[in-house]
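The lines below spell out each chain.
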Amino acid sequence: MEIIKYSEEHKMFRESVRKYLEKEVVPHIEEWEEAGITPKSAWKKLGDQGFLCMGVPEEYGGLGADFLYSVIMTEELSRTNHSGLCAALHSDVVVPYITSFGSEDLKKKYLPGCVSGDIIAAVAMTEPNTGSDLASIKTTAVEDGDDVIINGQKTFISNGINCGICIVAARDPNIENSYNAIDLYVVEEGTPGFEKGKQIEKIGWHSQDTAELYFTDCRIPVANRLGAKGSGFLHLMSKLQQERLMVAIGAVASAEYMLEITIDYCKERTVFGKPISKFQHSQFEIVEMATEIKLGRAFLDKLIMEHMGGENVVVEVSMAKYWTTEMANRVADRCLQLYGGYGYCEEYPIARAWRDIRVTRIFAGTNEIMRQIAARFMGL
Amino acid sequence: MEIIRYSEEHRIFRESVKKYLEKEVIPYVEEWEEAGIVPRSAWKKLGDQGFLCMGVPEEYGGLGADFLYSVIMTEEMMRTNHGGFCTFLHSDIVVPYITAYGSEELKKKYLPGCISGDIITAVAMTEPNTGSDLAAIKTTAVEDGNDVIVNGQKTFISNGINCGLCIVAVKDPKIDNPYAAMDLYLVEEGTPGFEKGKKIPKVGLHSQDTAELYFTDCRIPITNRLGEKGSGFVHLMEKLQQERLMCAIAAVAMAEYMLEITIDYCKERTVFGKPISKFQHSQFEIVEMATEIKLGRTFLDKLIMDHMEGKNVVVEVSMAKYWTSEMANRVADRCLQLYGGYGYCEEYPIARAWRDIRVMRIFAGSNEVMKGIAAKFMGL
């Protein structure tokens, strides 16, 4: 049985995405990794193809496509083995905040640019001293007539340098209850008082422009708030399920990619007179990885269907995020080992895959937080 | 989404099995464990209920029920937390050899008794020096007119003492090719030259009458052969998929049972002034086990559907057998730890579950053999 029944259109879409990425993305990755950033022009090209924000309704320039198009896009991008062109973050994590909670004016103003790739989006929640404990963010938003004045600092912001708009989580200092105090505001690049800080040097994700963001008396219209006053925390909670699901989708796709290239390598490379793949230990390693990947794939596909069906799967998504990322980390490490010394060399793709996968256990809520959420909703 | 769509009839059946086992099995488990065997009368009672060999066609006295009834029966039996009453071995592993390969006469002669519980069956493949390398068995069958004379020794035979009928794997010593030399014969209890040896003391599965079997010039009619001469190896290969799938079904059901009772225990038992379930470490342990169980459950349910659709899932079944049994072993050990000292005491059910689950990684083809099979069929 197939858990996800992809239509003929979905399959054709996957083929065309794959071809596009092979031609327009894969050849440039080394350059982007060196540069530490993916050029905005690459985003624009992707938008020209209609590959960004496909779920946005047609009235705002999107295709109104179902979630499976996002799944396909994310899987195929994962297989390009780099992180810079983080389309899932833009299309399926950040922009949905605008689509779901933005006013008509905001949607008309920003969505067409997000779809076309003229605007790259980021979301700024984390602060130097606040990660998963969102309620304790310090960045403030104080109303001043028709404006809001934002002050504070954000960090670890993916697409931080490239972003044309940023959704910023900030609190009203006059409200004590943290859950009622938080709001989300759309801040445009170039707004006085909004400064992009230095790009953060990381172990991996070299082509991803992760950055610090500074807000100093940054004045924006109050109309840039997403939704009713005090709704920010709820909005974040309601969208985190999809964010974490996207991470799981990326993790399983990466694991599948890593194992595929490793099997190919093991069949070609000989040692002691026979291919690595003919040694029993290597075979068991490969079988064990393949098994874990298939387990993750079945669980994930079922979860995708449930997510599309609007089911409450907060426990399962938390489980999937932690388990698939840890599985992908195990796969990366075991694959690198099968490559031997070559696996440690930049010439071989497993090297980058190995260092890039590590952060998936940390972002979008650490895996420890995932366990905590699952425990709470399991009634422990 | 539900991967397996159980009908209302399936659900009613599950309820009635559950009730029956609570009343007629669970109260006797301690006694059977002490005795090292389950009395034949218990099998007969189960047959009276119509709970044995439900898949046998109606013309032979069965119900012609679909495979999901076997799944339900096995899952519920596992939740009784003992290994003696191994109905799935009888109903879903041994008897299907007769149903699938037996002559019309053999089917008419034996199947009604298998269904009623008057005949308990066993299958004898393993020998003191031959486990998963089936082709190397030494037990011989030599034709002599209308008879066949069987000589050899079998071991680790589940239901070995109780069996009224045993399917014995033998080889024709005149045929060199071990695959073509093998046949399966039905041997009745009481046939001269067929002796049941001693019951084997084991680490666990205490109520299971695992035994050695001896064949010394044991003369049986040649018509007791299942299928064409030389077809034994192929028959075994064909039926091993379901045998291993049954193991995976049992392993996942056991893991679910163990976690359920452990969660209950952790919520009740207090230490340092609060329930064990309120400690973060315990919560993470439970969440991790629940995650692995859900992964196994999803993968397994999909596999059950694939198996029922007649798909070739030899790779996936091998993966499922090894992974779910190892997962269930991990779960048993972590659960016992959460019970603390009580978990090591016979009074608590986790103690028996812990020692019983160990053998699942060995029987029905060791987990190492499972990995070898998967590797072969993956083209490594």
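Bear in mind the structure is a predicted one, so any value in this text is a computation, not a measurement.

S.K.: What is the right way to read the overall build of chain B from this model?
M.R.: Secondary structure summary: chain B contains 12 helices and nine strands in total. Taken against the 2.2 N^0.38 rule, which gives 21 Å for 380 residues, the C-alpha radius of gyration of chain B at 21 Å falls within 12% of a compact globule. Judged by the C-alpha coordinates and their principal axes, chain B covers about 80 × 50 × 40 Å. The burial tally for chain B puts 60% of its 380 residues in the buried class. Considering only intrachain contacts with a sequence separation of at least 6, the fraction spanning at least 24 residues in chain B is 76%.

S.K.: Any chance you could explain the overall build of chain A here in plain terms?
M.R.: In terms of regular secondary structure, chain A is built from 12 helices and nine strands. In summary, chain A has a C-alpha radius of gyration of 21 Å against a globular reference of 21 Å for 380 residues, a match within 12%. Its C-alpha atoms give chain A principal-axis dimensions of about 80 × 50 × 40 Å. Across the 380 residues that make up chain A, the buried fraction comes to 61%.

S.K.: Which parts of the structure should I look at to understand the nonpolar core?
M.R.: In summary, soluble globular proteins display a tendency toward joint burial of nonpolar side chains. Judged by nonpolar contacts, the single largest core of 224 residues is most densely connected at A:M258 and B:M258. Considering every element that reaches this core, the biggest residue donor is helix α8 (residues 232-268) of chain B, with 20 residues. Not counting residues up to four positions away in its chain, the partners in contact with B:M258 are B:A328, B:V331, B:A332, B:C335, B:I350, B:A353 and B:I357. Counting residues in hydrophobic clusters, the runner-up holds 18 residues, among them B:A141, B:V150, B:C163 and B:C166.

S.K.: Explain helix α12 (residues 367-377) of chain A here, please?
M.R.: Because an α-helix packs 3.6 residues into every turn, residues spaced three or four apart end up facing the same way. Among all positions in α12(A), only A:N367, A:M370, A:R371, A:I373, A:A374 and A:A375 are buried. On its buried face, α12(A) sits against α8 (232-268) and α10 (314-339) of chain A together with α9 (280-308) of chain B. At the exit of α12(A) stands A:G379, carrying a positive phi of roughly 75 degrees.

S.K.: Teacher, can you tell me more about the interface of chain A and chain B here?
M.R.: Many descriptions give the size of an interface as the accessible area lost when the pieces come together. Facing 35 residues of chain A, the contacting portion of chain B comprises 37 residues. For the chain A and chain B pair, buried surface summed over both sides reaches about 3500 Å², with 72% attributable to carbon and sulfur atoms. On the chain A side of the interface with chain B, the three residues burying the most area are A:M1, A:L295 and A:L380, jointly 24% of the side's total. For B:K371, the salt bridge is made with A:E288, and the minimal N-O distance between the two is 2.7 Å.

S.K.: When you look at the pattern of salt bridges in this model, what are you seeing that I'm missing?
M.R.: Think of it this way: side chains of opposite charge can pair up when their charged atoms draw near. The final tally for this structure, using the stated rule, is 66 salt bridges over all chains. Of the charged contacts, one joins B:K294 and A:E316 as a salt bridge, the two residues approaching to 2.8 Å between their closest N and O atoms. Of this pair, B:K294 sits in helix α9 while A:E316 sits in helix α10, which puts the two residues in different chains. Looking at B:K294, the relative accessible area reads 29%, which means it is partly exposed.

S.K.: Just checking my understanding: could you explain empty space enclosed by the protein for this structure?
M.R.: The gaps left among the atoms become clear once a water-sized probe is rolled over them. Residue and element names in this part refer to chain B. A full pass over the atoms with the stated rule returns one cavity of 30 Å³ or more. Volume-wise, the largest cavity comes out at about 50 Å³. Around the largest cavity, the lining residues are F51, C53, M54, S70, M73, T74, T87, F88, S91 and D92. Elements that contribute at least two residues to the lining of the largest cavity include exactly α4 (67-78) and α5 (87-101).

S.K.: Explain the environment of A:G160 here, please?
M.R.: All names here are of chain A. Within the element layout of this structure, G160 appears in the loop between β3 (147-157) and β4 (165-171). Linking G160 and Q208, residues 48 residues apart in sequence, is a C-alpha distance of 8.9 Å. Ignoring any residue separated from it by four or fewer positions in sequence, one finds G160 in contact with K196, D209, A211 and L213.

S.K.: So what exactly am I meant to see when it comes to the pairing of strand β7 (residues 211-221) of chain A here?
M.R.: Looking along a regular strand, one sees side chains alternate from face to face of the sheet. Residue and element names in this part refer to chain A. Pairing analysis gives eight bridges linking β3 to β7, with the strands arranged antiparallel. Residue pairing across strands places I149 opposite R219, the latter belonging to β7. With four bridges joining them, strand β6 (residues 194-199) and β7 adopt antiparallel strand pairing. Within β7, the residue paired with K196 across the bridge is L213.

Criteria and thresholds
Residues numbered from 1 in each chain as written. Chains lettered and ligands numbered in written order. Predicted model: local features only at pLDDT ≥ 70, side-chain atom pairs only at ≥ 80, totals over all residues. Heavy atoms only, no water. Helix = DSSP H or I, 4+ residues; strand = E, 2+ residues; numbered from the N terminus. Rg over C-alpha atoms; globule rule 2.2 N^0.38 Å. Buried < 20%, exposed > 50% of the residue type's maximum accessible area, 1.4 Å probe, protein only. Contact = heavy atoms within 4.5 Å. Core = buried A, V, L, I, M, F, W, Y, C linked by side-chain atoms within 4.5 Å. Buried area = accessible area lost by both parts, 1.4 Å probe. Salt bridge = Lys/Arg side-chain N within 4 Å of Asp/Glu carboxyl O. 1 Å grid on protein atoms, 1.4 Å probe; cavity = no way out; pocket = protein on both sides within 12 Å on 5 of 7 lines; lining within 4 Å. Points joined across faces, edges and corners; volume = space filled by probe spheres on them. Pairing = 2+ DSSP bridges.

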